[in-house]
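Overview (structure and organization)
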Amino acid sequence: AQRVTQPEKLLSVFKGAPVELKCNYSYSGSPELFWYVQYSRQRLQLLLRHISRESIKGFTADLNKGETSFHLKKPFAQEEDSAMYYCALKTSNTGKLIFGQGTTLQVKP
Amino acid sequence: GAGVSQSPSNKVTEKGKDVELRCDPISGHTALYWYRQRLGQGLEFLIYFQGNSAPDKSGLPSDRFSAERTGESVSTLTIQRTQQEDSAVYLCASSLGAGTPQHFGDGTRLSIL
């Protein structure tokens, strides 16, 4: 079955600490993974996608097919990073996404 | 407008009533998606439209749910004989084409009493 798992509902860190939001997926084909973010009172927006291999707002994510993971990392968290983060898997040409349940990141001053 | 627009932003209705939710995609976006987000859960795919192709309805939870889209414009999601378990935020997204990044609206928060 196609599934995305984000094991942490809440991740709380202090400003300046490293952050890793975990994402594991289950899919037998060639996956395409995304991270979406929702800041307070804002709409859901794309943060990054694995095929771009880019760093956005200091965040990076590497697709590890062996471990079926796509963890989101940032070396030094900032207070403005506090938000809800969703990992998503695209499994077909239609582009429909399978989302994880989300992780709330709380960065304390 | 520059983004995906959804209306109403909030809808409260009694169990058994029909509801209609509207989505205006970004102009020029040929792909349109509906998702549902129940409290404390991730987004569930409902239905996908791409141009004039037959929609992908594989995510619709029951035959009480249906959606239409005219060409590459507005889409409406209709829920008939609403049940309490239909309470959720219904999100619409559009993209330039299948597989390109999706842009989300603010959602419609549906509450069934």
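See above for the structure.
This report concerns the structure included in the present document. Quick caveat: nothing in here was measured; it's all calculated off a predicted structure.

1. Looking at the overall build of chain B
A tally of regular secondary structure across chain B gives zero helices and 10 strands. Helices (α) and strands (β) of chain B occur, in sequence order from the N terminus, as β-β-β-β-β-β-β-β-β-β. Here the C-alpha atoms of chain B give a radius of gyration of 13 Å, agreeing with the 13 Å that 2.2 N^0.38 yields for 113 residues. Principal axes of the C-alpha set define a box for chain B whose edges measure 35 × 25 × 25 Å. The proportion of buried residues among the 113 residues of chain B is 50%.

2. What to know about the interface of chain B and chain A
With 20 residues of chain B in contact, the opposing surface of chain A contributes 17 residues. Of the roughly 1,500 Å² buried between chain B and chain A on both sides combined, carbon and sulfur atoms contribute 50%. Taken as a group, Leu 43, Gly 99 and Phe 104 of chain B account for 31% of the area that chain B buries against chain A, more than any other trio of residues on that side. In this assembly, chain B and chain A are joined by two salt bridges.

3. Quick notes on the state of the cysteines
All names here are of chain B. For the structure on display, the rule yields two disulfides over all chains. Disulfide pairing places Cys 23 opposite Cys 92 at an S-S distance of 1.9 Å. With the S-S dihedral at roughly -65°, the linkage between Cys 23 and Cys 92 falls on the left-handed side. Of the two residues, Cys 23 is situated in strand E3 (residues 19-24) and Cys 92 in strand E8 (residues 88-95); the sequence distance between them amounts to 69 residues. No difference in accessibility class separates Cys 23 from Cys 92, as the two residues are buried.

4. Quick notes on the pattern of salt bridges
Residues and elements named next belong to chain A. Taken as a whole and assessed by the stated rule, the structure comprises 10 salt bridges over all chains. Here Glu 20 ties to Lys 73 by a salt bridge, and the two come within 3.6 Å at their closest N and O atoms. In this pair, Glu 20 sits in strand E3 (residues 19-21) while Lys 73 sits in strand E8 (residues 72-74), placing the two residues 53 residues apart along the sequence. Judged by relative accessible area, Lys 73 falls into the partly exposed class, the value being 41%. Its salt-bridge partner being Asp 81, residue Lys 74 comes within 2.8 Å of it at the nearest N-O pair.

5. What about the pairing of strand E6 (residues 65-69) of chain B?
Here is the key point about a regular strand: its side chains alternate between the two faces of the sheet. Residues and elements named next belong to chain B. Covered by surrounding structure in E6 are Phe 65, Ala 67 and Arg 69 only, the residues Ser 66 and Glu 68 on the alternate face being uncovered. Sheet topology note: the E6/strand E7 (residues 75-79) ladder contains five bridges and is antiparallel. In the strand pairing of E7, Ala 67 is matched with Leu 77. Hairpin connection from E6 to E7: five residues lie between these consecutive antiparallel strands, with Gly 71 at a positive phi of about 60°.

6. Description of unusual backbone geometry
Cis peptide bonds are those with omega within 30 degrees of zero, and the linkage from Ser 7 of chain B to Pro 8 of chain B qualifies with -10°. The topology assignment puts Pro 8 of chain B in the loop between strand E1 (5-7) and strand E2 (10-13). Within the chain, Arg 41 of chain A stands out as a residue other than glycine whose phi angle is a positive 65°. Here Arg 41 of chain A shows up in the loop between strand E5 (32-38) and strand E6 (45-49). With a phi angle near 45°, Arg 81 of chain B is a residue other than glycine that sits in the positive phi range. For Arg 81 of chain B, the location among the structural elements is in the loop between E7 and E8. Given the relative accessible area of 43%, Arg 81 of chain B is considered partly exposed.

7. Digging into the pairing of E7 of chain B
Most of E7 of chain B is tucked away, with five of its five residues classed as buried. Residues Ser 75, Leu 77 and Ile 79 of chain B of E7 of chain B are buried on one face, and the alternating residues Thr 76 and Thr 78 of chain B, pointing to the opposite face, are buried as well.

8. Some words on the packing of aromatic side chains
A full pass over the atoms with the stated rule returns 11 aromatic pairs over all chains. Aromatic pair Tyr 36 of chain A and Phe 104 of chain B: ring centres 5.6 Å apart, planes at 85°, arrangement edge-to-face. One end of the pair, Tyr 36 of chain A, is in strand E5; the other, Phe 104 of chain B, is in strand E9 (residues 103-104), on a second chain. Of the residues examined, Phe 104 of chain B reaches a relative accessible area of 2% and is grouped as buried. Each member of the aromatic cluster is reached from another via a ring pair, and the members are Phe 34, Tyr 36, Tyr 86 and Phe 99 of chain A together with Tyr 33, Tyr 35, Phe 45, Tyr 48 and Phe 104 of chain B. Stacked on the ring of Phe 14 of chain A, the Lys or Arg Lys 108 of chain A has its end atom at 4.5 Å from the ring centre.

Procedures and definitions
- Residues numbered from 1 in each chain as written.
- Chains lettered and ligands numbered in written order.
- Predicted model: local features only at pLDDT ≥ 70, side-chain atom pairs only at ≥ 80, totals over all residues.
- Heavy atoms only, no water.
- Helix = DSSP H or I, 4+ residues; strand = E, 2+ residues; numbered from the N terminus.
- Rg over C-alpha atoms; globule rule 2.2 N^0.38 Å.
- Buried < 20%, exposed > 50% of the residue type's maximum accessible area, 1.4 Å probe, protein only.
- Contact = heavy atoms within 4.5 Å.
- Buried area = accessible area lost by both parts, 1.4 Å probe.
- Salt bridge = Lys/Arg side-chain N within 4 Å of Asp/Glu carboxyl O.
- Disulfide = S-S within 2.5 Å.
- Pairing = 2+ DSSP bridges.
- Phe/Tyr/Trp six-rings, centres within 6.5 Å; stacked < 30°, edge-to-face > 60°.
- Lys NZ or Arg CZ within 6 Å of the ring centre and 35° of its normal.

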